[in-house]
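Spelled out, the chains give:
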Amino acid sequence: MRIGKVGGRAVLVTANGSIDIERASTGRFPADVDGLYECWDELRDWTASGTFGDEFVVTGDLEMPIGTARQVFAVGANYADHIAEAGAQTPELPMIFTKFPTCLVGPEASVALPTGKVDWEVELVAVIGRTAHRVAVDEAWSYVAALTVGQDLTERPLQLKGGRAPQFSLGKSFPGFGPIGPWLVSVDEFADPDDLAIECTVTGELMQKSRTSELIFSVPELIAYLSESCSLLPGDLVFTGTPAGVGVFRTPRRYLEPGDVIESSIEGIGTLVTRIESGPAYAGREVLANHVQ
Ligand code: ZN
């Protein structure tokens, strides 16, 4: 099933339009996406068996297809070709950072550039469905409710500021730097959720193209590793890393410019469109440069 959000209410995305879940189920399922995780399996059964009348179709733009993500984990250096283009070492353990949740936005978002050195990173995003603590790799998929497409937008100079303690989380958390969507696709929809084509174009030019089977640490391995220390909560997100083809490692370098349109696509999910606009200049980078060696 495909779950989206329109007018702040959870919808079932179908070929016939977006179905208001709370109304079509006469209140059996709640209108907020956060309330759906605890009845996810029943919801999936209901959506598979049901037919929905036109009176439950809602119009309006699809919004960010989640409620509250209390934790947003992200993973660096998780595709071999991206590590190679960066001249980096293959990590022995997943390289974890966070995208602070205020950076999250939905499909068709317009993102204002804080500087001229913002880069794209298409990523598969896993949505946690139930509390996970110390789960085994072979059980980890059962803790994932859905997959969606994400962009890990990054201000490169701030990301790498600080030498041995670089500021990944700050450089990847400006407003709008976490587009996700256009909807959630439940894991049961995928014949093999560990092997999905993934690609990214910027204003029509193909920049990234890979498969999620190329992940160094797979989704289950990431869930197991993260849950070894943290408790993962329903609605939490895991950005799983990006393949080669980001702008900072291209020759010549290419950063996002006002007017660019990013199309991020994953097999079995769809395409997330993100529009880039000019924004007010970010002064903090120069301040940091004076204080951090
Ligand atoms: Zn990333």
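Residues numbered from 1 in each chain as written. Predicted model: local features only at pLDDT ≥ 70, side-chain atom pairs only at ≥ 80, totals over all residues. Heavy atoms only, no water.

Peer 1: I tried to follow the coordination of the zinc ion on my own but got confused; where do I start?
Peer 2: Tetrahedral coordination by four donors puts the ideal angle at the metal at 109.5 degrees, and octahedral coordination by six puts it at 90 or 180 degrees. Around the zinc ion, the protein contributes the donor atoms Glu 121 (OE), Glu 123 (OE) and Asp 152 (OD), at 1.9 to 2.1 Å from the metal centre. Read N to C, the donor residues that coordinate the zinc ion are spaced as E-x1-E-x28-D. Judged by its relative accessible area of 0%, Glu 123 is buried. (Donors = N, O, S within 2.8 Å, 3.2 Å for Na, K, Ca; no water. Buried < 20%, exposed > 50% of the residue type's maximum accessible area, 1.4 Å probe, protein only.)

Peer 1: Quick question: what am I supposed to make of the packing of aromatic side chains here?
Peer 2: For any pair of aromatic rings, the description rests on two quantities: the centre-to-centre distance and the angle between the ring planes. If you walk through the whole model with that rule in mind, you get five aromatic pairs. Relative to Phe 177, the ring of Phe 174 has its centre 5.1 Å away and its plane inclined at 45°; by these criteria the two rings are tilted. For the residue pair Phe 174 and Phe 177, the accessibility class agrees, reading buried in each case. An aromatic cluster of at least three residues, connected via ring pairs, comprises Phe 29, Trp 46 and Phe 52. Its guanidinium or amino end placed over the ring of Phe 239, Lys 99 lies 5.7 Å from that ring's centre, counting from NZ or CZ. We note Arg 130 situated over the ring of Tyr 143; from NZ or CZ to the ring centre the distance is 3.9 Å. (Phe/Tyr/Trp six-rings, centres within 6.5 Å; stacked < 30°, edge-to-face > 60°. Lys NZ or Arg CZ within 6 Å of the ring centre and 35° of its normal.)

Peer 1: Looking at this structure, I do not really get a nonpolar patch on the surface. What am I missing?
Peer 2: Taken together, the side chains of Leu 93, Ile 96 and Tyr 225 present a nonpolar region at the surface, about 250 Å² in accessible area. Relative to the elements of secondary structure, Leu 93 occurs in the loop between helix H3 (80-86) and strand E6 (95-98). Residue classification places Leu 93 among the exposed positions, given a relative accessible area of 52%. (Patch = residues over 30% accessible without salt bridge, like charges linked within 9 Å, V, L, I, M, F, W, Y side chains within 5 Å. Areas by Shrake-Rupley, 256 points an atom, 1.4 Å probe, with all protein chains shown as cover. Salt bridge = Lys/Arg side-chain N within 4 Å of Asp/Glu carboxyl O. Helix = DSSP H or I, 4+ residues; strand = E, 2+ residues; numbered from the N terminus.)

Peer 1: Mind showing me how you'd approach the domain arrangement of the protein here?
Peer 2: How big an interface is tends to be stated in terms of the accessible area lost upon association of its parts. What the domain assignment reports for the protein is domain 1 (2-58) and domain 2 (72-288). Taking only C-alpha atoms into account, the centre of domain 1 sits 27 Å from that of domain 2. Counting residues at the interface gives eight residues for domain 1, matched by 14 residues for domain 2. Taken together, the two surfaces of domain 1 and domain 2 that pack against each other cover about 880 Å², and 62% of this comes from carbon and sulfur. Counting every contact that joins domain 1 to domain 2 gives one salt bridge. Note that Asp 188 and Arg 44 form a salt bridge whose closest N and O atoms lie 3.7 Å from each other. The tally of links between domain 1 and domain 2 comes to three residue pairs in polar contact (both at pLDDT 80 or more). At the level of secondary structure, the elements contributing two or more residues to the side of domain 1 that touches domain 2 comprise strand E1 (2-6) and helix H2 (40-49). A total of three residues in the side of domain 1 that touches domain 2 trace back to one element, the largest contributor, which is E1. (Domains from an automatic or database assignment. Contact = heavy atoms within 4.5 Å. Buried area = accessible area lost by both parts, 1.4 Å probe. Polar contact = N/O pair within 3.5 Å; in protein donor to acceptor, adjacent residues only side chain to side chain.)

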